[in-house]
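# Overview (structure and organization)
Residues per chain, in single letters:
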Amino acid sequence: MNWVIDLIGGPQTVIAIAKVLIVFASLLVLMILVVWAERRILADMQARIGPNRWGPFGLLQTLADGIKLITKEDFRPQLADRWTYAAAPVIAAVASFLAFAVVPFGDEVTIAGHRIDFILSDLNIGLLFFLAAGSIGVYGVALAGWSSGSKYPLLGAVRASAQMISYEIALGLSLIPIVLVSGSLSTKAIVAAQAGSVQNVTFFDGIPVLESISRYFEYVPNWYIWSQWPAFLIFLIAGIAETNRAPFDLPEAESELVAGYMTEYGGAKFLMFFLGEYLHIVTVSAMAVTLFFGGWNGPAPDFLGWVWPLAWFLFKTGLFVYLFVWLRATLPRLRYDRLMWLGWKRLIPASLLWIAVTAVVNIDNAQLSRNWKLGAFGVMFAVVMVWVGKGDPRLRSAVSPQRRLDGTT
Amino acid sequence: MTLEMVVFGVTFVVALGSSLAMVFARNAVHAALFLVIAQVALAVTFLLQGAYFVAALQIIVYAGAIMVLFLFVIMLLGVDKRDALIEPLPAQRPLAVGLGALLAAEVIYIVFKGIDLVGDAGGEAITALNRDPGNVLAVARVLFSRYLLPFEATSILLVVAVVGVMVLTRRISDVADLQTPEDLPAGAPVKEIAV
């Protein structure tokens, strides 16, 4: 047995392979739960019952659906581009799985003298890896639409690619303030920087009144959401757009495009797209938790050491998945030009402005604590955004070319 | 034989194979896709050397952004299979052979001479840099200190290029829209140009 371990590169390699397999299997099981949860929550919000026949509370419904999809006939449209058509769903699913590699889902544990981190790979470029996986995901969508050899998928793919590329910029820019304040691109280091309570960090330094009341803040966790909430809002909006979910689900708008880029897909290939989309939701939720809500940090009793961080991580991520479903049940779909307007003319300038603010505050940390300054600037930022966001009539006419031609601005 | 060598061997085969496949592919979209595979394989070789940052940039910028745009153009223009076989520029092929030979000679020269120039110490120095301050910090330090001016100049150049393309490709739908405010009688509504 030992020579096999040595051959493939020692115990660390074995641990890495085992982690990958365990996380992969857990994510698949998690997907079943997420799809079930979405259907139940949607049903609840619409005063329906939802799937409740197979298994307790209908828990096994998704499994049944999955088996149905896998055993379906595998077909290919006549005009489809053979290999690209087959590769597109795989790319979409793999890109979503890849992004999870840099998500820290718990603390570390020591088994038989080997330290095991609860993160697949603690890269020192973790955030960039997350973005890279997202940019590879665009291929799955674009190729699916093109290779189907059909009109609706092509339109859906063009929409989806344009949307994903546009919002990728805002997504990337919203991560930069976090990098500035934490000083690292590693997701593990970012989670570590959010440990403890706000009382212990420089939150109250410099202002005597606040220093005296700081003991009341013992139980407030030191999360980046307090000082970086503008970045969080931008991240959340761009993240929802990246996953092509409502209200940004134009690429698969069923009333206009049948099912967008996946119109010509069925059976196991459709399942891959489905898997990729729901996994993407989980990844974006997990990233939001990691960057702004302290990751796996949370109060934990002394027993069962490694379980609590994992539980906290799953709980927080679950709340975000719930938010995704909630938005789907609540918001109507955006018009396409409105979507582009929001991405390019609002989110990108807003994130650039916030980067500048964070950078300036970060230079000087002498008197007031950084967090208070960021908070103050945050309020100013919000006022500016609301003021700009009201929009002048010229911008409103800009989104309707026909009205501009008519001269009725 | 270590695991690293195995990974390098696989990457090498994939990079070379997909590059060749790109050249010989009849379908323009397939050629673009093979180029993407080659670029991802290149990113893996960067990872093998501990240059994580460069690898991430390789994927985000080249595979993620530039090739997506290429693919977009090819898909939307609908490059036909027949088009790919017609030579629009007659001098292109001999010129490509000549330049290719020049490039090959350059590569061969660097492979045989460059190892002497850099020496083993060069590789070790890079590995040490990647380990100690880390690849991100090492790149950031030189980029924002020694090479700050070229870096800023490049970014301005790119912005100028983007603005230039916007101006040049701006399509005017109606000739009547070309009128300037000075041509109009006082008080007449100014029509904006639709793009």
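For the structure, check the block above.
Residues numbered from 1 in each chain as written. Chains lettered and ligands numbered in written order. Predicted model: local features only at pLDDT ≥ 70, side-chain atom pairs only at ≥ 80, totals over all residues. Heavy atoms only, no water.

## Re the overall build of chain B
Counting secondary structure elements, chain B contains five helices and zero strands. Each helix (α) and strand (β) of chain B, taken in turn from the N terminus, gives the series α-α-α-α-α. Taking all 195 residues of chain B together, 20% fall into the buried category. Put simply, of all contacts in chain B between residues at least 6 apart along the chain, 49% involve residues at least 24 apart. (Helix = DSSP H or I, 4+ residues; strand = E, 2+ residues; numbered from the N terminus. Buried < 20%, exposed > 50% of the residue type's maximum accessible area, 1.4 Å probe, protein only. Contact = heavy atoms within 4.5 Å.)

## A closer look at the packing of helix α5 (residues 126–147) of chain A against helix α2 (residues 28–48) of chain B
A pair of packed helices can be characterised by two numbers: the angle between their axes and the separation between those axes. Interhelical geometry of α5(A) versus α2(B) gives an angle of 165° and a closest axis separation of 13 Å. On the basis of the axis angle, α5(A) is roughly antiparallel to α2(B). Where α5(A) crosses over α2(B), the two elements pack in a sense that is left-handed. When α5(A) is examined against α2(B), the residues A:Y139, A:L143 and A:W146 are found in contact with a partner set consisting of B:V29, B:L33 and B:V36. (Axes fitted to C-alpha atoms, helices over the stretch in contact; angles between N-to-C directions. Parallel < 35°, antiparallel > 145°, perpendicular 65-115°, else oblique. Left-handed = near helix turned anticlockwise from the far one by under 90°.)

## Looking at the nonpolar core
Residue and element names in this part refer to chain A. Counting 110 residues, the largest nonpolar core has F100, F130, Y139, F235 and F292 as the members making the most contacts within it. If one sorts the elements of this core by residue count, α5 sits on top with 14 residues. Discounting chain neighbours no more than four positions away, the residues touching F130 are A99, V102, L171, L175, F235, T283 and M287. (Core = buried A, V, L, I, M, F, W, Y, C linked by side-chain atoms within 4.5 Å.)

## Topic: helix α6 (residues 151–182) of chain A
Along an α-helix, residues three or four positions apart point the same way, because every turn accommodates 3.6 residues. Between the first and last C-alpha of α6(A) there are 47 Å, a value that for 32 residues agrees with the 46 Å anticipated at 1.5 Å per step. A:G183 sits one or two residues past α6(A) and shows a positive phi near 70°. (Expected span 1.5 Å × (residues − 1).)

## Quick word on the packing of helix α11 (residues 267–292) of chain A against helix α12 (residues 307–330) of chain A
Residues and elements named next belong to chain A. Between α11 and α12, the shortest axis-to-axis distance is 8 Å and the interhelical angle comes to 125°. The pairing of α11 with α12 is recorded here as oblique in orientation. For the pair α11 and α12, the crossing hand works out as right-handed. Between α11 and α12, the contacting residues are Y278, I281, V282, V284, S285, A286, A288, V289 and T290 on the first element and F313, K316, T317, F320, V321, F324 and R328 on the second. Per-class residue counts for the contact of α11 with α12 are 11 nonpolar, three polar and two charged. (Nonpolar A, V, L, I, M, F, W, Y, C, P; charged D, E, K, R; others polar.)

## Re helix α4 (residues 82–99) of chain A
All names here are of chain A. The first and last C-alpha atoms of α4 sit 27 Å apart over 18 residues, in line with the 26 Å expected at 1.5 Å per residue. Along its length, α4 reaches its greatest deviation from straightness, about 25°, at A88, and the proline P89 lies no more than four positions downstream. When α4 is considered as a whole, its buried residues turn out to be T84, Y85, A88, P89, A92, A93, A95, S96, F97 and A99. (Bend = angle between axes of the 7 residues up to and from the residue.)

## With respect to the environment of A:F97
Residues and elements named next belong to chain A. Mapped onto the secondary structure, F97 falls in helix α4. The buried category is assigned to F97, whose relative accessible area is 16%. For F97 and G126, which are 29 residues apart along the polypeptide, the C-alpha to C-alpha distance reads 14 Å. Residues in contact with F97, not counting those within four places in the same chain, are F24, L27, L28, L275 and L279.

## Focus on unusual backbone geometry
Residue and element names in this part refer to chain A. A positive phi angle, near 55°, is found at A47, a position not held by glycine. Within the fold, A47 resides in the loop between α2 (11–45) and α3 (61–70). Overall, A47 belongs to the exposed group, its relative accessible area being 73%. Even without glycine at this site, N244 takes up a positive phi of about 60°. Topologically, N244 is positioned in the loop between α9 (229–242) and α10 (254–257). Judged by its relative accessible area of 3%, N244 is buried.

## A word on a nonpolar patch on the surface
A cluster of nonpolar side chains, namely B:F8, B:F12, B:V13, B:L16, B:L20, B:V23 and B:F24, defines an oily patch on the protein surface of about 750 Å² accessible area. Since its relative accessible area comes to 56%, B:V13 is described here as exposed. (Patch = residues over 30% accessible without salt bridge, like charges linked within 9 Å, V, L, I, M, F, W, Y side chains within 5 Å. Areas by Shrake-Rupley, 256 points an atom, 1.4 Å probe, with all protein chains shown as cover. Salt bridge = Lys/Arg side-chain N within 4 Å of Asp/Glu carboxyl O.)

## Here we look at the pattern of salt bridges
Residue and element names in this part refer to chain A. Tallied over the entire structure, the rule returns five salt bridges over all chains. Linking D74 and K269 is a salt bridge whose minimum nitrogen-to-oxygen distance equals 3.3 Å. Taken together, the residues D74 in the loop between α3 and α4 and K269 in helix α11 connect sequence positions 195 residues apart. Relative accessible area serves as the criterion here: at 14%, K269 is assigned to the buried category. Between E277 and R245 there is a salt bridge, and its shortest N-O distance comes to 3.9 Å. Of this pair, E277 sits in helix α11 while R245 is found in the loop between α9 and α10, placing the two residues 32 residues apart along the sequence. Accessibility assignment for this pair places E277 and R245 in one class, buried.

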